[in-house]
Amino acid sequence: MGSCRGWIIVRLTNDHLPFAVCSRNVHILWVLSLVMSSGPSAERQVNTSGSEPSTITSDAERDGDEGAGRSPGDGPRSLTGGAAGGAEAGVGAEAGVGAEAGVTVLDRTELAVSDLSIGFGSATVLSGVDVSFQPNTINALIGPTGCGKSTLLRSINRMNDKVHGYWRKGRIEFDDVDVADPSVDLLVLRRRVGMVFQRPNPFPMSIRDNVVAGVKAHRMAPKSQLGEVAECFLKEVGLWSAVAYRLGDSPFRLSGGQQQLLCLARALAVEPDVLLLDEPTSSLDPITTEMVEDLLRRLAPSLTMVVVTHNLAQARRISGTTTFLYNGRLVETGETAQVFDAPVEPETVSYVSGRIG
């Protein structure tokens, strides 16, 4: 089956409706924050949509220029909420997440980390990291346990913000905007930059409702189309045949591998631009691992992915570029074939050959 990406945009020219702010809606979005940041975290919030650099416009100017019947996928998407749709901007304001009258409009989908140092209290976990991830590529982060891979991944969509003692120096830029800039709406960021964790964590709702949870929260599809959305993304991750006749069942009746595929479907359903995956197959059987890897390769032409993995063979199989971290430093980064077959740094030679790590 072909990719579902763009499905909602094609079908929803006039259905991205304003989202009236009330305590109930804010609560729904708080629950749905797990859609794109589904994992253990002290801070859980959702995201919105966005895309094009450095043009600042007011709400009035946008309304006058874009018109009322605009499709959510037809033009610029924003990290600060306004251009991404009334739902996200309104809830961002209610929740105090930083929705502003002005909006930074974005174009490319690119991640760039510059002179980044991260720590907790007096401990420095990462120091002086410089790396960029180009659009529509699969990028592997490798290195021994404790080298800072997951810390880097969680800092990209600000999962560490509420962790006690967390500090960050340097820049993490998404489409030329620092993710820590006060103008960035965290709801928008977390929708555009999704995350899938090592351990699957379905929501306590039906299989079908898990898939469309974020779609409903962001008003991305009318109720009459939610069944089609669920089917589309369950098929994309290869889970449809196993659950087609039990969509109302609890996801906790699924196997661990099936639960992870469900979490992938849920993350993809809100159409992120970037997907961060923290050892997504480490607890899966070989067959499910192969399904996930095949899916990532199919998604690569339209989605930027950063994958933390301890499986060096997996990094070779799926990634175009590989970044090696060791003792909190970025030792080497480059094309995967070069990093594994002709590494420059002695530490990289030792790690990829199995002598350390």
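Reference entry: report on the structure contained in this document. (Residues numbered from 1 in each chain as written. Predicted model: local features only at pLDDT ≥ 70, side-chain atom pairs only at ≥ 80, totals over all residues. Heavy atoms only, no water.)

A few words on the overall build of the protein. Within the protein, the secondary structure is distributed over 14 helices and 14 strands. Carbon and sulfur atoms form 51% of the exposed surface of the protein, whose accessible area is close to 14300 Å². (Helix = DSSP H or I, 4+ residues; strand = E, 2+ residues; numbered from the N terminus. Areas by Shrake-Rupley, 256 points an atom, 1.4 Å probe, with all protein chains shown as cover.)

A word on the nonpolar core. Counting 40 residues, the largest nonpolar core has Val211, Val215, Phe233, Leu264, Leu275 and Met305 as its most contacted members. Among the elements of the structure, helix 7 (207-217), helix 8 (226-236), helix 10 (256-269), strand 11 (274-278), helix 11 (286-299) and strand 12 (304-308) are those that each provide at least two residues to this core. The leading source of residues in this core is helix 10, at seven residues. By size, the runner-up hydrophobic cluster in this structure holds 31 residues, among which are Ile118, Leu141, Cys147 and Ile156. (Core = buried A, V, L, I, M, F, W, Y, C linked by side-chain atoms within 4.5 Å. Buried < 20%, exposed > 50% of the residue type's maximum accessible area, 1.4 Å probe, protein only.)

Turning our attention to the pairing of strand 6 (residues 123-133). Sheet topology places strand 5 (residues 111-120) next to strand 6; seven bridges connect them, and they run antiparallel. Across the sheet, residue Phe120 finds its bridge partner in strand 6, namely Ala123. Hairpin remark: strand 5 followed by strand 6, antiparallel, with two residues in the connecting loop; positive phi at Gly121, about 65°. (Pairing = 2+ DSSP bridges.)

Taken together, the four strands give an open sheet; going across it, the order is 6-5-8-9, and neighbouring strands pair in antiparallel fashion. Strands at the two margins of the open sheet, each flanked by one partner only, are strand 6 and strand 9 (177-178). This element, helix 5 (residues 149-156), spans strand 5, strand 6 and strand 8 (166-174) of the sheet and lies at about 115° to strand 5. (Contact = heavy atoms within 4.5 Å. Axes fitted to C-alpha atoms, helices over the stretch in contact; angles between N-to-C directions.)

Right, let's get into helix 5. Of all eight residues making up helix 5, seven are buried, and the element is well covered by its neighbours. Every buried residue belonging to helix 5 is among Lys149, Thr151, Leu152, Leu153, Arg154, Ser155 and Ile156, and all of these are buried. Count one or two residues on from helix 5 and you reach Arg158, which has phi positive near 65°.

With the rule as written, the count across this model stands at 13 salt bridges. With a closest N to O distance of 3.2 Å, Arg208 and Asp209 form a salt bridge. Judged by its relative accessible area of 25%, Arg208 falls in the partly exposed class. Among the charged side chains, a network of salt bridges with common partners joins Arg168, Arg171, Glu173 and Asp178. (Salt bridge = Lys/Arg side-chain N within 4 Å of Asp/Glu carboxyl O.)

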